Structures are given as structure tokens and as C-alpha cells.
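Fold and contact review
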Amino acid sequence: MFEPRVVCFFCKWCTYAGADLAGTSRKQYPPNGVAVRVNCSGRVDPQHILWAFREGADGVLLGGCHPGDCHYQDGNYNTMRRLSLLKPMLKELGIDPDRVRLEWISAAEGDKLVSVMNEFVDEIRELGPMTVDLGEKLSGVEAPPEAKDVKIAKQSKAKAKKK
Amino acid sequence: MKIPYYPGCTLHERALDFDKASRECARALDIELEELEIWTCCGAVFPLTTDSVMDILAGVRNLAYASRLGDKVVTLCSFCYNVLKRANKVMRDDPEKREKANLFLKADTDAREGIESYLKEDYTGQVDVLHYIEMLRDVVGFDKIRERTKADLSGLKVAPYYGCMLLRPKKEMEFDDPEQPQIFEDFLEAIGCDVVDFPMKTECCGGFQIVREEDTAVACSQTVVNSASRRGADVIITTCPLCRYNLDELQKKMEKSVTGFRKIPVIYFTQLLGIALGIDEECLDFSDNYVDPRPLLAEKSLV
Amino acid sequence: MRLKLSAEVIKGDLVERVAELSGQNLSACYQCGRCSAGCPVVEEMDIVPSEVIRLLQLGQVEPVLDSETIWICASCLQCASRCPRGVEFSSICDALRAIVLRKRLSGSVVDADEVTRTMVSDAPQMGVVGALRKLNG
Amino acid sequence: MEHRIGVFVCHCGTNIAGVVDVKRVAEELASYPGVAFSTDYTYMCSDPGQNLVKDAIKEHKLTGVVVSACSPTLHEATFRRAGVGADLNPYMVEIANIREQCSWVHQEDKPRATEKAIKIIKTMIEKVKQDEALEPIAVPVTKRALVVGGGVAGIQAALDIANSGHEVILVEKEASIGGHMAQLSETFPTLDCSQCILTPKMVDAAQHPRIKLMTYCEVGDVAGYVGNFKIKIKKKAAYVNRDVCTGCGLCSEKCPSKTDSEFEEGLATRKAIYTPFPQAVPNKPVLDAEHCLYMQSGKCGICAKICPVDAVDYTQKDEFVDVEVGAIVVATGYDLYPIINIGEYGGGKIKDVVTSLQFERLLSASGPTSGVVRRPSDGEIPKEVVFLTCVGSRDPEHHKAYCSKICCMYLTKHAMLYKHTVHDGQAYLFYMDVRTGGKGYEEFYQRAAEEDDVLYVRGKVSKLYEEDGKVIVWGVDTLTGQKVEIAADMVVLGLAMEPNAQALELAKKLKIQVNEWGFLSEAHPKLRPVESLAPGFYLAGAAQGPKDIPDAVAQASAAASKVASLFAEKEYHREPIIALVDEDECAGCRVCVSVCPYDAAEFDEEKKVAHIQEAICEGCGACIAACPSGSVTQKNLTDDQLFKMVTAALED
Ligand SMILES: Cc1cc2nc3c(=O)[nH]c(=O)nc-3n(C[C@H](O)[C@H](O)[C@H](O)COP(=O)(O)OP(=O)(O)OC[C@H]3O[C@@H](n4cnc5c(N)ncnc54)[C@H](O)[C@@H]3O)c2cc1C
Ligand SMILES: Cc1cc2nc3c(=O)[nH]c(=O)nc-3n(C[C@H](O)[C@H](O)[C@H](O)COP(=O)(O)OP(=O)(O)OC[C@H]3O[C@@H](n4cnc5c(N)ncnc54)[C@H](O)[C@@H]3O)c2cc1C
Ligand code: SF4
Ligand code: SF4
Ligand code: SF4
Ligand code: SF4
Ligand code: SF4
Ligand code: SF4
Ligand code: SF4
Ligand code: SF4
């Protein structure tokens, strides 16, 4: 069976704590995702997501605090906005936008984390493995002006080189 | 200036005095009320059940007629106003009902030869539904009315009765504060009357319960009339033929059951406006009132 | 009689129907009684508006459908206008009447013949039409 | 730089080892690039476990450590301390969470759990490779506090801070401190006289050597950050030189111009030159230009003539004073929801329908009726008095959705005190629920019903109107389903508490959060109830939410202790995981400045680049994700670190 590879960006205040709670309550879910702990879902920008796809992820899950509960007031609204800009772009790249999912999971919602994980992994399994080779594609893509912050990883590579 | 006008069946059949006085006043204020060529009864009550598309059709049909004449339609009867305004809001805000209603309207047109052109495009709430008093405030302007006022109404104590349908529900009627309305007070102030503030001005007159349970309607109306009377009103004004009927006609019963009952004439606000503007009493037509306002008006040298 | 409550009783089909037809969230009502306190015809009612809603919250639709209340309501919207929770009792009333009228259950509806014979010449049309539509379907 | 990372895989008894093949994990990672040492142990967090880490750091000259164990929320601090014990910078120690997010949740698939554990550890190895040695940010602290609002909460906070040895500036917008408590008659649940318990506190505050009282003042511009605020305080023109004034009161006595007294809630008048109430602190007048005949038309001037010390000065202007403080306590209190908004209760037009604060004045021995309850319309003693709860509260449809929390109690108090003065009177109290959640409160309520015969009627009144000198009350008793009508002599409205009218404006100036109703938002509703999210701001009293005096005072003391603990250290330390701008790359677009929720990102007009203020940045990362030129980064969580972590998470 195809086992999707999933990267999970979890905000440390809510979703990461929710995932910890799922653990302390010994709830079970498939081991397809690895969590990257960030301060706020608003820290995650489209290039991190594109990078994940480039590096072979089949799905990317973003978890943040519920709207209104953001530890930093409104970081999760930024996430929401950015994601809505990214989705059409993914489509253009030939990536099914459903491969990215944003969920509000609070520190108390261990159960929700489990069900989201289960669902998401199943969905990605349905979609099948990622076949688009982003390494090639991304070099030619011009980010739409309104999605200025949708920069491609190549820039960070340039930056890395500079250092 | 021409403004499309929807009289509604009561003004057409029964409240002829209201219709006549209102047209006369409009004319005196340089407004021509252009009656819709075709119109039907609006249905009189707005249905409050969620599944009723059929029941708002009558209202919508009239709005669609009106949309041929202009972007506004003026009406006088509180019930018509309530029904048209709410039906209009449905057409503006509820896509599902809008679509259904338009389908019905189209079928309707086909069936009736000669008027098939009335619905050139879907009706989506293009028309603004105005009450006559809103027209006076927003189109004519109370200042102009103040200027045009010829008669001296000072000392005439007038109690403005709003009733239910003009003000409620607030979110949909967007008319005035349903608890502390002001528009008739401002109007009365413009024509120079003494305004009588009375606590029952937004209480129900009993409405259509007159048809089923006359006693109930009498009780409701009595509360209203008494309240105005206790505050020293000489006359009550209203804008709804049903209120007028209940408050005026039912004084016949109140008179019998209450000793020392003081009768108060109940007239339409445009009849009072007519007096203010110096329109001939004949044109205002006080013949239908149970409590005849003419002696009072004569006493104040207004007729 | 002791009213036996259970999930089944509370969430009966008929209650759901009332909620749906009226478009009102019956659970929002916190029984403040304001609808009853301000109703102009409450004196004539056998079950006051807030009690009607309470009965519906308890799943008791039958006694409400049998009540005088729903026919006495004058649809003046005062209850809806003042409800702190945005519950429109007037709409609930319309829904209850509709349920009775659509099934033609017994209820104190207006006698159409009677009305047209005796009243129409006198009362304004709108009152008659309104009464017939609200009280006779 | 050569990486020498140490990996320590914890068994956690069988918690991890029962699912994850810890031996294999430790072995596999030993050969991962950059790893110099890898081992496993039964309990890493135990003393021997920690010693293992310390020894390995020294022995293998480790540059970074990844402890693979439970969630970082549990033992990150433990292992960072262990790192420090072996002279490793604490920020070079990271935790790989292979328990909560691996062994415990994948018990059925041991091989894949082991694979996942390896991936998790790899991500942390990649992170630690690029971690920098950081120091907590030390911010110097000015040990002086500003308290805004001189109600009981502000007074208490000021006294507690001052008593812990620090200077306090107490700013009050009115002529006297005291707030609403000064207006109250007696206070529930003990019925002690409000003035009697408040006045000593007011005097203490005024006389405290470390408290500087600034009445008739407002907060102007606010700059700076925790520990280092710079604030402009506006001294409103009082037209009285209050330093010179002796408070003799001659001016007020002779002033011919009268207007409604705010303190008496409009039930009595005051002069144009006035002290708000007899026990005012400071007891020195201010001149209200709007009602002063001289200021309005040049006639009069009596007060200036009569003043024995020439304190009256009609030419006085607003002045501004700059102050520096390290912490700010906001205690701006509440107002009653305006009665004009309640049309069905007359909207303020019915004379004998009074607000609850007006009724407090009518009950007060020092009030306009000397404590005899007389109704405003004709001064008669009312025999039938109706009290209404939840006026404007708990009404999401028209007014405020929240419960104002104290009105049940004070209306009960009102009814009781009314009965104590008018023995043959009848008190009715309409309620939906009687909320008595406080020590002695329920007993108080029971006493009112039982001993004072207050009739509690369950239902919300629909309408009030005036008729024949009575206020007609249309209510309902929902317990019997009866519509009830009362011809009352007087009605008292338990109006909703809302934040002070200027609170919103002030909150904007201070850049602190308020909730949808304008009450100040706390950092956490349960665990940080007296702090604002923005560091350096503390909340006290009814400004944060409806509350009574005990709660307001408790919160004020809590806020004061927070201030004291901030002031206890010379410096304030903050997490250094913050944002940093690469000035060479910054295009000067100011996007970061616009997205930063804390105004930590600012624009350097000279260099035309953005700059992040270390002392304020919370490290949320909003600016980093938003910067179009990619020139902002986060210390120890750079984009590059994130990329490498992602890659590691996906490697087979
Ligand atoms: C009718 C009534 C009866 C009550 N009875 C009781 C009772 O019996 N027992 C009880 O425990 N509680 C009672 N309370 C509650 C009590 O009044 C409050 O709990 C208490 O007053 C709250 O104190 P505070 O300092 O938070 O607010 P406030 O008393 O409102 O003080 C706030 C102060 O801040 C000042 N201020 C506001 N904005 C600014 C600004 N921008 N700059 C400078 N200064 C500013 C104000 O002028 C005011 O002096 C009653 C309340 C009411 C309405
Ligand atoms: C069923 C229930 C649900 C609740 N839900 C909520 C909720 O949802 N939200 C909320 O805000 N609050 C809730 N609470 C209230 C909450 O539990 C308390 O407010 C809170 O726990 C009080 O904390 P405490 O430290 O004062 O007391 P406690 O939690 O009782 O702690 C007191 C500690 O002192 C120890 N101790 C006692 N005597 C001695 C002694 N002589 N020597 C040494 N140690 C001693 C005890 O062993 C105990 O550890 C709930 C309470 C209950 C009963
Ligand atoms: S007014 Fe509204 S909340 Fe109150 S009892 Fe009536 S329906 Fe319920
Ligand atoms: S709509 Fe009916 S129930 Fe509601 S207040 Fe009017 S008469 Fe009473
Ligand atoms: S000058 Fe003004 S404040 Fe002074 S006494 Fe005259 S009116 Fe009063
Ligand atoms: S007369 Fe002068 S000293 Fe006396 S209170 Fe007035 S201003 Fe102060
Ligand atoms: S405290 Fe009592 S009166 Fe005040 S809002 Fe809450 S329930 Fe209503
Ligand atoms: S004792 Fe507990 S359950 Fe009872 S009223 Fe008080 S808070 Fe509510
Ligand atoms: S968003 Fe980036 S480029 Fe723009 S000002 Fe801030 S740091 Fe500079
Ligand atoms: S990381 Fe957050 S708090 Fe820090 S400067 Fe950027 S946006 Fe502001």
C-alpha cells in the first residue's frame, strides 16, 4: 500500500500541544507525518510548503490555533490568507490543492488531531503519490503579484550560497 | 416629480379617503404619484414560515411591475409597506427564493397575454420600497413642508400612532427605532402641531383579530386610545387603514362599555397634512370616520 | 401527571418541523418571558408565548397545537422585536398554525364563509385577507 | 565549523522502548552526518541520565545535543540546564519528541514508529546544526510604575506597588481619586459604608511618599516597551493653581453658576468651580470652563476675587509632563450602559425610572436626599419600588451579550436597603437567574427574600411607561405564566457594566488588546488573568471585565505583585528566539512593520531599512513569512533551518 509522506507544521501553542495530548491519551494514528514545530502557523510561508513538495512530500498539514485564539493575536489569519493565495498556484503547478490542509486544532483537541491525521492520510492515499517534479518546474514560475510572498525556494538557496 | 405608487387593495376599495388625501397632498408638494398600471393585492401579511415562496409572490409581482416605472415605489398602508419591503429583502438576500420566485413570475407572464413584457429581466430587488412618510422626509423634505404649511395648527394636540407593521421587524424595515420612533414626531413638529407622546404608540391595535375575536381587538384598541386620551390628545393620526378602523370604529363599543369615555377622532396623517397645506376639506374626505374630526377642526378654525 | 422525558421525546420529528418551518432556534430561548410580558393579547392566551416555547423545548408539541394561543396571536411582532435572544415567537406561531392548517387538524380557524358574509363590507380588506391567510391557511 | 552533535535516545522505561527500537535508532544515527556521539539510556531525565549528557558533552567536545525523549514542554528546560552544567550554551540543546508524537501514538506499528523516530531526530539534528549560541535578551528596567485610573483598583495597585518599595505615578482623569466606589452607599455582602472603607485608602495613597498623585490628568503619547516606557501625561487645565490652593472652598461657595453634578448622577447640582464630593482627594477644586460664566462671557470672576491665595487662574493651559516608567497598570474601570439605549424602559425620559448608581446616591447618607429614598419627580417616598436585573446585559440581540456579574447582588442590596429605610414599602425584583457566586452572597440574597420580604419575580420586564404619576411595569412571572402589571412609584435599572468610555482610546494608545466589548484582554483567561499579552502592561479592576470590589481589589494586588516581581530583578530577560532583519537585503517596503502585532518591527528612516526591537519582538514570525525580499529571519528557526528540517523529515 502507498504510504504518503506528510510534513506537519504545527504551532507550538495549540496544535503541537494538541498532538502531545493525543500522545498522553494514547490515541493512535498512522505514522505518516513528521511534525515541524514553529512558534506560530503564521511563521510558515508558501515557500516552506513548496519546498516540502519539492523534497518529496505527498501532503502538507498546517495546524494552528483557532481564529481568535492565536497566541500572537492574528498570526493564523495571515496563514489563512496566504494559503488561499497558494492554492491556485499549486493548481497551476499541477499539484492538487487538496494536498495542503490547514486545520485549527487547540491544545485540548487531541481527538481532533487524530481524526484529521487519519482523514488526511487517507485522502492523500486516494490522491496517490506526488508526481510533479517541482525542482524543474519552479525555476520557470513567476509568482503572481498579489502573492508576492510566494517566493520560491530557489531564492533561499541563493541566500544560502551567499552565506 | 413622478414617483411610482402602489395603493393596495384597501386604499383602492375601502380607504378611499386615505388615497385621496395622500394624492392631494403629494400634488400640493409637487409630487405626482404615478399609480402602477397593473397591480394586485400584496397578500396583506408577510408569511413567517421559512418554506413559503408562493406566499411572497404577490408582493414580488407588484415590485416587478414597479421596476418598470422606476427605482422606487411609494406606498401608504403599513401592511402593504411591510409586505413589500420584506418581500423585496427576500429577493435581495435569498438567492434560492429569488430564483424560484422569478421562475413563477415568468410562468405568470406567459399565461397573461398583453403584459408579458413586464419582466424583462429577473427581479432582484432593484426597487426601493418607500413609505409615504419616508418620501415626505427624504424626497420632499420636512423643511419644505414647514414652508408650505398654511394653517396654524399650534395648540392642536396630536398623538402619532405607529402601530406594529411600520416599525417591526427593525432589521428588515430599517424604518425607525421600534421603541422610540421619531419620524411622525418630526413630521408633526414641521406642520406646527403639539406632539403628544403616549406610551402605547407602538402597541398593537389588535390587527386582523378584529375578524376573529372582536373583543380582543377592542381591548387592544382601547389600550391605545385610552393612553392617547390620558395624555390629552385631541386627535390620533395613523397610516394604516386597519389601525384606523380598529381605533376609530371600535370606539362605538368602548363608548358603550366605559362610562365617561372620551371619544377621540382618528385620522390619517395625510388628512392632517392636507389641513396644514390648506387643502380643501372636501378633498380630504372625513365622511368615513366614526368619530367625526370636523367639530374639533372647526373649533380650532381649521375647517 | 409526570412528564417522562427522554432524548426521543425531546427531539421528536414534530419539534424539528416547528424549528424548521419557523426558522427559529428553539434552544436559544432562555425563558426570560419577555415575549409574554409584552404581548398585547396575552390575557386571552391559555398558554403564554414563553411557555409555548418551553413546551417545545420539552418536546411537547401536541398541547401547543391544541392551544388557543396560536390563533389569538395578532402577529404584531412585538415578541420578536424585544426578545433578547433573537427568537421570533411570531414565526413559531406562524409555523404552528401552518402545521395545523396544512393538516386541517381541528383548530379555531376563522370561518371563511362567516367572515365574507358579515365582515367584508365593513372591515378593511387587508384585515380580512390577513385573517384568512393567517388563520385559515 | 565542524559539527559534533550528541544524540541521546531515551527509553522512558518501556514508554518509548516498548515501541521504538531504541538501540537501532541510536546505532543508525551514530553515522548520520555531524553526529559525534549517539547512545540510549533508560531514563534520560534522571540524575544519572543528565550526568550522562554532561559527561558526553565534555568527553566528546559536543557542539550540540539532541535529547530524543518526551515533549519539549516537559524537559527542554531540564536538559538545557544540564547543557549549561557542561558549559554548553542552552540554546544548543534541542529535544526530539519521540514519545508523545511517536511511541505513544503508533503502538501498533513498531517498525514504522522506529522509522518515524529516526526522522524526527534527524530534523532536530539539522536544526541544532544551525543553532546559534544565544543569550536571553536583557532589558534594563525603570523601577517606577504608572497606574492609570484612580478607582479602588488603581488605588490598591498603587499602594501595593509603593509598599513593595517602588515609585508609583497614579493618573486619574477626574478631579479626585475614588472612582465609582466613592459613589456607593453601603456595600454587599457586609453592608459596610463604602466611604468609610474607601476614604482611608484614598488618603493613604495621597500621603504615601512613593506615590505621586496626578488627578485631572490623562495619558498622552506612549512610547517604549516593557521596562522602558516613555509617557506624556496631560495635565488638564484646572484654572486653579492646585499647588497653591488651600482647599478652603470659598470659591465654590460663592460661585453663582450651577450645573448637574456628575458625582450625584444628575440628582443634585454642583458649582462651576467645584470639588466632586466632600471627601475628595485631593480636596482642591477645578473649574469647569464650559459652565463658568467668566470663561463663557467674561462676566463674574468672583472666584478669583475671593480666593485668599490667588489660586484661580483663568489663563491656565493644558500642560504636558514626561515620565519614564517600567510597568503600566491599567485600572480605568467601568461606566453604566447608557439608559438612553433602552427605549422600552423610557430611554431616560421617565423621571422615576432611575439608574442603579442614581439609586446608590439616593441611599447614601451623604447623598442629595441625605439617605432618605425620595423619588426624583416629586420628592415623595416611594412605596412600591421595582428593581430590574439584566438591563442591557445578557441581551446579545440588542445590547451586551455578557452577564454584568454584580447587578444581581447590588439590586438585592438596593432592595434590602430600601426596605431598611422604608419599612412599609414593597420591593419587587425581576430576575432571570439570581447570580450569587461569592462568599456570603447567597446568604445575602436569602436574607433579602426571607427577612426583608423582597418579592423576587422571575421574568424580564417588557415595558415601562408613565401613567398618573406611577411607572407602569409590564412583566411576567414565568413560574406561573402570569402576565403581571405593577403600578410602581419608582423603578431602578440594573444597567450593564461597560468599559469606561475612554478605555478604547487608551487601549489603542497603549497598544493593548480589548475584547469585542472593549474590556481589556488578559494574556490567558485562567493562568495569566492580570497581564496583558503585550509585556509590561497589567490589568486591574472592572476595566478587564465586570467585577465587584473584592475581585477588583484582589486583581489589583495581583497586578501589583506582578509589577513587583518585574521590578525585583535589575534586568528583564526575554526569550531570544526573535526576528532579525538583514539590513543589506531589506528593500524598505515596511511590510513587516505593518504585520507585526506588537509594533516590534519599526522603520529606520535614516537607513531606510526595517529594524526589529529586541525587547518587544515576541518571535511570532509573521514578519518573516510576510517579507517579500526574504530579509527577515528568526534566530534559531531560520528559513534554512526549516528547509533542512523538512528535507530530513522526508528522507528515507
Ligand atoms: C450601582 C452599583 C452598586 C455597586 N455596589 C457594590 C457593592 O455593594 N459591593 C461591591 O463589592 N461592588 C459594588 N459595585 C461594584 C464596584 O463599583 C466596582 O467593583 C468597583 O468600583 C470597581 O473599581 P475600579 O477601580 O475597577 O473602577 P472604577 O471605580 O470605575 O474606577 C476607575 C477610575 O479610573 C478613572 N479613569 C477611567 N479612564 C481613565 C483614563 N483614561 N485616564 C485616567 N483615569 C481614568 C475613572 O475616572 C475612575 O476614577 C457596585 C457597582 C454599581 C454600578
Ligand atoms: C468538578 C469541578 C470542575 C471544575 N471545573 C473548572 C473549570 O472548568 N474551570 C475553572 O476555572 N475551574 C474549575 N474548577 C475549579 C478549580 O478546580 C479550582 O478553582 C482550582 O482547582 C482551585 O485551585 P487551588 O489551588 O485553590 O485548590 P486545590 O486545587 O484544591 O489545591 C490545593 C492543594 O493543597 C493541598 N493541601 C491541602 N491541605 C494541605 C495541607 N494542610 N498541607 C499541605 N498541602 C495541603 C492539596 O493536597 C492540594 O494539592 C472545577 C472544580 C470542580 C470541583
Ligand atoms: S423573549 Fe425570547 S428568550 Fe425570552 S422567553 Fe421569549 S422567546 Fe424566550
Ligand atoms: S406576535 Fe403574537 S405573540 Fe407576539 S406579541 Fe404579537 S400578538 Fe403576541
Ligand atoms: S468665574 Fe466662573 S467659576 Fe468663578 S465664580 Fe464666577 S462662574 Fe463660578
Ligand atoms: S478659594 Fe482659592 S484656596 Fe480656596 S478652594 Fe478656592 S481656589 Fe482653593
Ligand atoms: S449579574 Fe445578574 S442582573 Fe447582572 S447581568 Fe448577570 S444575571 Fe443579570
Ligand atoms: S452552588 Fe454551584 S451550582 Fe449552585 S448556584 Fe452556586 S455555582 Fe451554581
Ligand atoms: S518586509 Fe522585509 S523588505 Fe520590507 S521593510 Fe520589512 S524587512 Fe525590509
Ligand atoms: S517576529 Fe512577530 S513580534 Fe517579532 S517583529 Fe516579527 S512580527 Fe513582530
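Throughout what follows, the structure given in this document is the object of discussion. (Residues numbered from 1 in each chain as written. Chains lettered and ligands numbered in written order. Predicted model: local features only at pLDDT ≥ 70, side-chain atom pairs only at ≥ 80, totals over all residues. Heavy atoms only, no water.)

Observations concerning the packing of helix α6 (residues 132-140) of chain B against helix α14 (residues 269-276) of chain B
Residue and element names in this part refer to chain B. The cut-off we apply is this: To get an axis, a line is fitted to the C-alpha atoms, and for a helix only the part in contact is used. The angle between two axes follows their N-to-C directions and goes from 0 to 180 degrees. By the criteria applied, helices consist of DSSP H or I runs no shorter than four residues and strands consist of E runs no shorter than two, each listed in order from the N terminus. Orientation categories follow fixed angle ranges, with anything under 35 degrees roughly parallel, anything over 145 roughly antiparallel, 65 to 115 roughly perpendicular, and all other angles oblique. In what follows, a contact means two residues having at least one pair of non-hydrogen atoms within 4.5 Å. Under the scheme applied here, ten amino acids are nonpolar (Ala, Val, Leu, Ile, Met, Phe, Trp, Tyr, Cys and Pro), four are charged (Asp, Glu, Lys and Arg), and all others, including Gly, are polar.
Relative to each other, α6 and α14 sit at 40°, their axes nearing to 11 Å. Taken as axis vectors, α6 and α14 run oblique relative to one another. For the pair α6 and α14, the contacting residues are Tyr 132, Ile 133 and Leu 136 in the first and Phe 269, Thr 270 and Leu 273 in the second. Residues that form the contact of α6 with α14 fall into these classes: 5 nonpolar, 1 polar and no charged.

Quick notes on the nonpolar core
This is how the line gets drawn: Residue types Ala, Val, Leu, Ile, Met, Phe, Trp, Tyr and Cys, when buried and joined through side-chain atoms within 4.5 Å, form a set referred to as a nonpolar core. Residue exposure (1.4 Å probe, protein chains only): buried if accessible area is under 20% of the type maximum, exposed if over 50%, otherwise partly exposed.
In terms of nonpolar packing, the biggest core is built from 161 residues, with Tyr 132, Leu 136, Phe 187, Ile 191, Phe 269 and Leu 272 of chain B touching the most fellow members. Ignoring anything within four residues of it in the chain, the contact list for Leu 136 of chain B reads Leu 29, Gly 141, Phe 142, Ile 145, Phe 187, Phe 269 and Leu 273 of chain B. Membership of the second largest hydrophobic core comes to 97 residues, among which are Ala 145, Phe 263, Val 434 and Leu 495 of chain D.

Quick word on the site of ligand 5
What counts here: Note on terminology: near, applied to a residue and a molecule or strand, indicates that one of the residue's heavy atoms is within 4 Å of it.
The local shell around ligand 5 holds 14 residues, among which Cys 255, Cys 292, Cys 300, Cys 303 and Tyr 314 of chain D are the closest. Secondary-structure elements contributing two or more residues to the shell around ligand 5 are α9 (293-297) and α10 (302-306) of chain D.

Topic: the packing of aromatic side chains
Put simply, the rule reads: Think of it this way: a Phe, Tyr or Trp ring, Trp meaning its six-membered ring, pairs with another when their centres are within 6.5 Å, and the plane angle makes it stacked under 30 degrees, edge-to-face over 60, tilted otherwise. Consider the ring centre and the ring normal. A charge sits over the ring if Lys NZ or Arg CZ is within 6 Å of that centre and within 35 degrees of that normal.
In total, this model carries 23 aromatic pairs over all chains according to the counting rule given. Arranged with centres 6.2 Å apart and planes meeting at 55°, the rings of Phe 142 of chain B and Phe 187 of chain B form a pair that is tilted. Separated by 45 residues along the polypeptide, Phe 142 of chain B in helix α7 (residues 142-148) and Phe 187 of chain B in helix α9 (residues 183-190) bring together distant segments of the chain. Relative accessible area serves as the criterion here: at 11%, Phe 142 of chain B is assigned to the buried category. With a centroid separation of 5.5 Å and an interplanar angle of 75°, the aromatic rings of Phe 359 of chain D and Phe 387 of chain D are classed as edge-to-face. Here Phe 387 of chain D lies in strand β21 (residues 384-391) and Phe 359 of chain D lies in helix α11 (residues 356-363), a separation of 28 residues in the sequence. By relative accessible area, Phe 387 of chain D is classed as buried at 0%. Following the ring pairs from residue to residue traces out a cluster consisting of Phe 18, Tyr 132, Phe 142, Tyr 162, Phe 184, Phe 187, Tyr 268 and Phe 269 of chain B. Sitting above the plane of the Trp 474 of chain D ring, Lys 483 of chain D keeps its charged end 3.9 Å from the centroid.

Some remarks on the sheet that holds strand β17 (residues 319-325) of chain D
All names here are of chain D. Note the threshold: At least two bridges found by DSSP between two strands are what make those strands a pair.
Strand order in the open sheet made by the 3 strands is β11-β12-β17, with antiparallel pairing throughout. The sheet terminates laterally at β11 (217-225) and β17, the two strands that pair on one side only. Across the sheet, the mean angle from the axis of one strand to that of its neighbour is 20°, orientation sign disregarded. Here 7 bridges tie β11 to strand β12 (residues 228-235), and the two strands are oriented antiparallel to one another. If you follow Ala 223 over to β12, its bridge partner there is Lys 230.

Looking at the interface of chain A and chain D
Inclusion rule: By convention, the term buried area covers the 1.4 Å-probe accessible surface removed from two parts as they join, with the contributions of both added. The rule for a salt bridge is simple: a side-chain nitrogen of Lys or Arg has to be within 4 Å of a carboxyl oxygen of Asp or Glu. Each polar contact in these results corresponds to two N or O atoms within 3.5 Å; when the atoms are within protein, one needs to be able to donate a hydrogen and the other to accept it, and residues that are neighboring in sequence are counted only if both atoms are side-chain atoms.
Contact residues are listed per partner, giving 50 residues for chain A and 49 residues for chain D. Of the roughly 4400 Å² buried where chain A meets chain D, counting both sides, 54% is carbon and sulfur surface. When residues of chain A are sorted by the area they lose upon contact with chain D, Pro 31, Arg 43 and Gln 73 of chain A head the list and together hold 16% of the total. Along the contact surface separating chain A from chain D lie 2 salt bridges. The closest approach of N and O atoms between Arg 112 of chain D and Glu 3 of chain A, which form a salt bridge, is 3.2 Å. Taken together, the connections running from chain A to chain D amount to 22 residue pairs in polar contact (both at pLDDT 80 or more). Those elements that place two or more of their residues in the side of chain A that touches chain D are β1 (6-11), α1 (15-24), β2 (33-38), α2 (46-54), α3 (75-93) and α6 (153-162) of chain A. Of the residues contributing to the side of chain A that touches chain D, the split by class is 19 nonpolar, 15 polar and 16 charged.

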